[in-house]
Amino acid sequence: RIRRPPRSTLLPYTTLFRSKLRERKNIMPRLNFERYVPFSPEQMLSLVADLEAYPEFVPNCSHMQVSQAGQERDVQLAHMAISFGPISQSYTSRVTIDERAAIVHSQAIDGPFSHLISEWRFEAEGEGTRIFLQIDFDFTNRLIAAAARPVFAQKQGEILDAFMAEAKRRFA
C-alpha cells in the first residue's frame, strides 16, 4: 500500500498546477516571420493570392479548391488538403485579399484547428518588399496539439521558404 502525503501538503501544488494549466489553455502559439525579397509588393501579393497554384509549390499541399465567398469579390473560400506521409487532413479557410493595403488574411473555418489565422503583409522597401507573415494557431485535440505544434511551426518556415523560391522562379 502506497502512503500519500496529507492532502494539506499537496493542496498548494495542485492549486498551482491547475492555475498554470488554465493560463496555458488561453495561450495560442504565435509565429512571426519576416523576409526581404527583391520583388514588388504587387508581385508578392499576386503570388500569395494565387491559391490554386499552391499544390505546385507549397510543401505538403496535395489539393486546393477555391470558390467565391458569396458576393464579396475580394473574399474566397479555400479548401486545402495537406498530407504528411500517410496522414492527410483538410480544412477550409476564408481568405480576404486586400490589394490596397497589400494584405492577405486567412482564417480557418473548419478542420483540425481550433484556431488558425494567418496574415501576409507586404511593404515596399528600397528596390523590393519586406514580407511579414504572422500565424496564430492551435489544434482542437490536445493530444495531437502536443505532438503537432512544434512540427507545424517548423513547417511554416519551410512553406515561407517555398514561397520565396517560387517568387524567384516567377519574377527573377
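Owing to the predicted nature of the structure, the values given are computational and were not obtained by experimental measurement. (Residues numbered from 1 in each chain as written. Predicted model: local features only at pLDDT ≥ 70, side-chain atom pairs only at ≥ 80, totals over all residues. Heavy atoms only, no water.)

(A) Inspection of the overall build of the protein chain at higher detail. On a plain count of helices and strands, the protein chain comes out with four helices and seven strands. A total of 172 residues make up the protein chain; the buried ones form 37% of that total. Looking at the protein chain alone, contacts between residues at least 24 apart form 44% of all its contacts between residues at least 6 apart. Per element, the accessible surface of the protein chain, about 11100 Å² overall, is 53% carbon and sulfur. (Helix = DSSP H or I, 4+ residues; strand = E, 2+ residues; numbered from the N terminus. Buried < 20%, exposed > 50% of the residue type's maximum accessible area, 1.4 Å probe, protein only. Contact = heavy atoms within 4.5 Å. Areas by Shrake-Rupley, 256 points an atom, 1.4 Å probe, with all protein chains shown as cover.)

(B) Quick look at the confidence of the model for the protein chain. For the protein chain, per-residue confidence averages 85 on the pLDDT scale, and 83% of positions sit at 70 or higher. The element-level mean pLDDT for the protein chain is lowest in helix 1 (residues 7-25), coming to 46, with helix 2 (residues 41-49) highest at 98. Below pLDDT 50 for its whole length, residues 8-26 participates in four contacts with residues either more than four positions away or in separate chains. (pLDDT = per-residue confidence, 0-100.)

(C) Geometry of the side chain of K155. Mapped onto the elements of the fold, K155 is located in helix 4 (residues 142-171). You can call K155 buried: its relative accessible area is 19%. K155 has contacts with N60 and F84, leaving out every residue within four places of it along the chain.

(D) Seen up close, the packing of aromatic side chains. Under the counting rule described, the total for this entry stands at 12 aromatic pairs. With a centroid separation of 5.3 Å and 85 degrees between ring planes, the pair formed by Y54 and F163 is classed as edge-to-face. A residue pair is termed long-range when its members are at least 10 positions apart, and Y54 in helix 3 (residues 54-57) and F163 in helix 4 qualify at 109 residues. The exposure classification of Y54 matches that of F163, with both residues buried. By the ring-pair criterion, three or more aromatic residues cluster together here, those being Y54, F57, W120, F122 and F163. R121 extends its terminal NZ or CZ atom over the ring of F132, reaching a point 4.3 Å from the ring centre. (Phe/Tyr/Trp six-rings, centres within 6.5 Å; stacked < 30°, edge-to-face > 60°. Lys NZ or Arg CZ within 6 Å of the ring centre and 35° of its normal.)

(E) Unusual backbone geometry, seen in detail. If you check the backbone angles, N60 has positive phi at about 70 degrees while not being a glycine. Along the chain, N60 falls in the loop between helix 3 and strand 2 (61-69). Since its relative accessible area comes to 26%, N60 is described here as partly exposed.

(F) How the structure looks around the pattern of salt bridges. One pass over the structure, following the stated rule, counts nine salt bridges. The salt bridge partner of R130 is E34, with a shortest N-O separation of 3.7 Å. With R130 in strand 7 (residues 128-139) and E34 in strand 1 (residues 30-37), this residue pair connects regions lying 96 residues apart in the sequence. In this structure E34 comes out as partly exposed when scored by relative accessible area, which is 47%. Of the charged contacts, one joins D161 and R35 as a salt bridge, the two residues approaching to 2.8 Å between their closest N and O atoms. Pair noted here: D161 is in helix 4 and R35 is in strand 1, with a separation of 126 residues, a long-range link. Overall, R35 belongs to the partly exposed group, its relative accessible area being 25%. Linked through salt bridges whose partners overlap, the residues forming this network are D50, E166, R169 and R170. (Salt bridge = Lys/Arg side-chain N within 4 Å of Asp/Glu carboxyl O.)

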